[in-house]
Amino acid sequence: MVDACIVGAGVIGLTTAVWFAERGLTVRVLARELPPNTDSCAAGAMWGPYLTDDPRSGRWAADTLSELAVLAADPVQTGVRLVSGIEAARGPAQPNALLCDLPGFEYCRSEDLPSGYHSGWRFTTASVDMPVYSTYLARRLLAAGGTMAVADVDDLAALRAAADLVVNCTGSGARQLVPDPSVTPLLGRVVVVTNPGLDAFFAEAGEAPELTWFVPHGPDRVVLGSTVESVPVNGPDALRRIVARCAAIEPLLAGSEILEWRAGFRPMRPSVRVEREQDWLIHNYGHGGSGVSLSWACAKEAFALVGATA
């Protein structure tokens, strides 16, 4: 018998498990896939609210950035780095208010922007190498006495026999498991290439089926993105378009070797669900494209519900 069974081993599940375990609860994580095979490990993962309209996201994102900034002190172990770069829009636009408080924030001159872009701003944020980061979180969980196992959970209530509390962190899987028809999985694809010497990111502002961005994950690799697919498109064609778009912004990428491509689902929902439904069940899912950006704050909020009255 454990204090808490966390269902799901993406960034939300692992972060929640770490937060619970490091505060004295016995924790077991059950998931259909473990790192590096989770949807979270496919993400390009740069801090900033994306594809979420939840009014709480600003507060949660700021809290989570504080945690990521601490982890960036050891990027080799954690996969978290502070990186500077430009976000730009093809038309008149203003940055998300959260970005204006980031280190080094300033508006770009038109001559500093790539061809075809009208507005832009420069800042420093956290980038997260998700396979490395997920492995780090798993190690941290085990060090705190937690355990992990592969399991295909199809009934949350059935877990009550082995846990006082069940925490549902299943992301897109919550659509069938809860069931919650308000969850909509959106497929995203990225390409990982060798780093030709880049140390700055570029990100196209906005929300569209295909956006252009790239972020270096250390000296060896750059992640290029991306797609937002409600209906899956032709994968190879989408990946070729990603590379071509990024190389048009940074020609050095045209000569980079493709190391791998990744695909994963973003768990879209009208609002993030962090709530206690019953005395034995807490939900923490539906973070859209902002799982990394909201992860630590939502883990803390879920933990605060442990002692709450249902």
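Residues numbered from 1 in each chain as written. Predicted model: local features only at pLDDT ≥ 70, side-chain atom pairs only at ≥ 80, totals over all residues. Heavy atoms only, no water.

A.B. asks: Help me understand the environment of Trp-213 in this model?
C.D. replies: Position of Trp-213 among the secondary structure elements: in strand β10 (residues 210-217). A relative accessible area of 18% means that Trp-213 is categorised as buried. Sequence spacing of Trp-213 and Asn-284 is 71 residues, and the spatial spacing of their C-alpha atoms is 28 Å. The residues contacting Trp-213, other than those within four sequence positions of it, are Gly-44, Val-190, Phe-202, Ala-203, Glu-204, Val-223, Leu-224, Gly-225, Ser-226 and Cys-246. A polar contact is formed between the side chain of Trp-213 and the side chain of Ser-226, at a distance of 2.9 Å. (Helix = DSSP H or I, 4+ residues; strand = E, 2+ residues; numbered from the N terminus. Buried < 20%, exposed > 50% of the residue type's maximum accessible area, 1.4 Å probe, protein only. Contact = heavy atoms within 4.5 Å. Polar contact = N/O pair within 3.5 Å; in protein donor to acceptor, adjacent residues only side chain to side chain.)

A.B. asks: For this particular structure, what's the right way to read the packing of helix α2 (residues 57-71) against helix α7 (residues 291-304)?
C.D. replies: Helix packing for two helices is described by the angle between their axes and how far apart those axes are. Taken N-terminus to C-terminus, the directions of α2 and α7 make an angle of 100 degrees; their axes are 7 Å apart at the nearest point. Here α2 is positioned roughly perpendicular relative to α7, judged by the angle of their axes. Residue-level contacts link Ser-57, Arg-59, Trp-60, Ala-61, Asp-63, Thr-64, Glu-67, Leu-68 and Leu-71 of α2 to Val-292, Ser-293, Leu-294, Ser-295, Trp-296, Ala-297, Cys-298, Lys-300 and Glu-301 of α7. Along the lines of polarity and charge, the residues of the contact of α2 with α7 split into nine nonpolar, four polar and five charged. (Axes fitted to C-alpha atoms, helices over the stretch in contact; angles between N-to-C directions. Parallel < 35°, antiparallel > 145°, perpendicular 65-115°, else oblique. Nonpolar A, V, L, I, M, F, W, Y, C, P; charged D, E, K, R; others polar.)

A.B. asks: Just to check I follow, could you spell out the pairing of strand β8 (residues 184-194) for this structure?
C.D. replies: Working note: regular strand, side chains alternate between the two faces of the sheet. Taken across its 11 residues, β8 has eight buried, putting it largely inside the fold. In the sheet, β8 pairs with strand β12 (residues 258-268) via 10 bridges, with the strands oriented antiparallel. When the sheet's bridge partners are listed, Val-190 is paired in β12 with Arg-262. Sheet topology note: the β8/strand β11 (residues 221-227) ladder contains five bridges and is antiparallel. In the sheet register, Val-191 faces β11, and the bridge partner there is Leu-224. (Pairing = 2+ DSSP bridges.)

A.B. asks: What exactly am I supposed to notice about the pattern of salt bridges here?
C.D. replies: A pair can form between side chains of opposite charge whenever their charged atoms are brought close. Per the counting criterion, the structure on display carries 18 salt bridges. Across the pair Glu-106 and Arg-122 runs a salt bridge, and its minimum N-O distance is 3.7 Å. Of this pair, Glu-106 sits in strand β4 (residues 106-107) while Arg-122 sits in strand β5 (residues 119-128), placing them 16 residues apart in sequence. When its relative accessible area of 43% is taken as the criterion, Glu-106 is described as partly exposed. Three or more residues joined by partner-sharing salt bridges are found here, namely Asp-63, Glu-67 and Lys-300. (Salt bridge = Lys/Arg side-chain N within 4 Å of Asp/Glu carboxyl O.)

A.B. asks: Please clarify how the nonpolar core should be interpreted in this entry.
C.D. replies: Generally speaking, soluble globular proteins have nonpolar side chains that are buried together. Counting 59 residues, the largest nonpolar core has Ile-6, Phe-20, Val-27, Trp-47, Leu-68 and Tyr-133 as the members making the most contacts within it. Here this core gets eight residues from one element, more than from any other, and that element is helix α1 (residues 11-21). Sequence-distant contacts of Phe-20, that is, excluding residues within four places in its chain, are made with Ala-4, Ile-6, Leu-25, Val-27, Leu-165, Val-167, Ala-299, Ala-302, Phe-303 and Val-306. Membership of the second largest hydrophobic core comes to 17 residues, among which are Leu-113, Tyr-117, Phe-202 and Ile-249. (Core = buried A, V, L, I, M, F, W, Y, C linked by side-chain atoms within 4.5 Å.)

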